[in-house]
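# Working through the structure, step by step
Now for the letters of each chain:
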Amino acid sequence: MDPKEFLMIPGPTPVPDEVLLEMARHPLGHRTKEFSKIFMAATAALKKLAACEDEVFILTSSGTGAMEAAIANTLSPGDEVLSLVCGVFGERWAKIAEAYGCKVERVVVPAGQPITLDLLRKRLQEDKGRLFKAVTVTHNETSTGVINDLQQLSLAIREHGALCIADTVTSFGAVPISFSAWGVDVMVAGSQKALMLPPGLAVVFCGERALQAYETSKCPKFYFDFGRYRKSLESETTPFTPNVSMILALKSSLDMIQQEGIVAIGSRHERMKKALRAGLTGMGLKLFVPESCASPTITAALPPASLSVDAIRRTMKERYQIRLADGQEELKNKIFRVGHMGYVFERDILMTLAALETCLHLLGYRCPSGIGVGSALTEIAALTGSPAK
Ligand SMILES: Cc1ncc(COP(=O)(O)O)c(C=O)c1O
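Residues numbered from 1 in each chain as written. Predicted model: local features only at pLDDT ≥ 70, side-chain atom pairs only at ≥ 80, totals over all residues. Heavy atoms only, no water.

### Some points on the overall build of the protein chain
Helix and strand counts for the protein chain stand at 13 helices and 15 strands. Against the compact-globule benchmark of 21 Å for 389 residues, the protein chain has a radius of gyration of 21 Å, which places it among compact chains. Expressed as a percentage of the 389 residues in the protein chain, the buried residues total 58%. A separation of at least 24 residues holds for 72% of the contacts in the protein chain among residues at least 6 apart in sequence. Counting every atom, the protein chain has about 15,800 Å² of accessible surface; 54% of that belongs to carbon and sulfur. The centroid of the 43 positive side-chain charges in the protein chain is displaced by 1 Å from the centroid of its 41 negative side-chain charges. (Helix = DSSP H or I, 4+ residues; strand = E, 2+ residues; numbered from the N terminus. Rg over C-alpha atoms; globule rule 2.2 N^0.38 Å. Buried < 20%, exposed > 50% of the residue type's maximum accessible area, 1.4 Å probe, protein only. Contact = heavy atoms within 4.5 Å. Areas by Shrake-Rupley, 256 points an atom, 1.4 Å probe, with all protein chains shown as cover. Lys, Arg positive; Asp, Glu negative; His and termini not counted. Charge placed at Lys NZ, Arg CZ, Asp CG, Glu CD.)

### Topic: the site of the ligand
Taken together, the neighbourhood of the ligand is formed by 13 residues, with S62, T64, T142, D167 and K193 sitting nearest. Between the ligand and T142, the relevant distance is 2.5 Å, taken from an oxygen atom to a side-chain nitrogen or oxygen of the residue. One nitrogen or oxygen atom from the side chain of Q192 is found 2.7 Å from an oxygen atom belonging to the ligand. Counting residues per element, the ones that place at least two in the shell around the ligand are helix 3 (63–74) and helix 4 (88–99). It is helix 3 that contributes the most residues to the shell around the ligand, three residues altogether. Taken together, the residues that form the shell around the ligand break down as three nonpolar, seven polar and three charged. (Near = heavy atom within 4 Å. Polar contact = N/O pair within 3.5 Å; in protein donor to acceptor, adjacent residues only side chain to side chain. Nonpolar A, V, L, I, M, F, W, Y, C, P; charged D, E, K, R; others polar.)

### Examining helix 7 (residues 208–216)
When we look at burial in helix 7, the residues that qualify are A210, L211, A213 and Y214. Within helix 7, the buried residues cover an arc of 160 degrees as seen down the axis, which keeps them to one side. Looking at the buried positions of helix 7, the neighbouring elements they touch are strand 2 (55–59), helix 3, strand 8 (163–167), strand 9 (186–190), strand 10 (202–206) and helix 8 (226–234). (Arc of directions from axis to C-beta.)

### Structural notes on the domain arrangement of the protein chain
According to the domain assignment, the protein chain consists of domain 1 (17–259) and domain 2 (261–384). Computed over C-alpha atoms, the centres of domain 1 and domain 2 are 28 Å apart. Listed as interface residues are 25 residues of domain 1 and, on the opposing side, 24 residues of domain 2. Taken over both partners, the interface formed by domain 1 and domain 2 buries close to 2,000 Å², and the fraction arising from carbon and sulfur atoms is 66%. (Domains from an automatic or database assignment. Buried area = accessible area lost by both parts, 1.4 Å probe.)

Shown next, in the form of structure tokens:
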């Protein structure tokens, strides 16, 4: 018998048993009072978690559906959009906006680097005529493991006057975010990341300025039309049949998040990041991203010179049933990525490091036995003064 597969990839992520059990319940009718109560409680909990003073829409789609909805509901063909690109998901915003007929300019930084405030400010200052209608930002770039300073970037965009359209797919639920105070206008999240659910739901937060932009937006839309979602919310329901089972599960995961508290969750993710980075460097591996912009939810590392990413991932899967992710697009076979978001703990980091070190040894790479786990434990002790949880 094999041990159960363990996902250390940046989504889908492990799901708690109590959340899974909610999904096993017989589906509720989506026009019943019983469902409305759960749906509205989940909506309120999402608003609270994002510190959002305006609207939140729960969509039955993956994260990309919510990205598409964000563009289609706030922009019009011909609008000028500035896309901040530091990886695959930053580029996805640009492609979606182009698909809707927007004129997109990209600010691109090399993979592994963040979008700096200086770079953004410089470009926005050059836009004397205030032509950019929106700036798209990726808070946490999953393809490289870089986290951008969404608060600073968003405030600079607000100063310019463009809409700040942000992807928080792999940060929401793991990192404290203040949607309204940071001046973000539209923000999207996905269920299969730090929200600790399977894939299938997405969330869009919509501020007052975005709701105004909706009124004049001419992009085609139907299923994802925010107007329909807003109107339905007045009667505590959704415009179409939602994934009721997942909304029950969402309410359960949001209860767990509220119980732990987003500040404590943020600290747990920081500790996991630091412990993993210490363990990987302890084993002599090179990290892809500097500490200053390292994501608290995804860590990318280079394989030792003698080994391929494929061999490492395959050995981890075959021997320990632990899945790691490859690099994406031009980073395929160049880096491997470890996801540590949501229902993941220091214990899981230690397990992954121990398994990885064994696999590297099996593949012929030499480092002192136990150095990965040892380095991570030293880091955790330095951070908390106590052994790992
Ligand atoms: C940062 C980021 N944005 C968007 C997406 C797209 O989400 P989905 O695959 O759910 O459509 C992902 C998926 O990994 C992501 O990591």
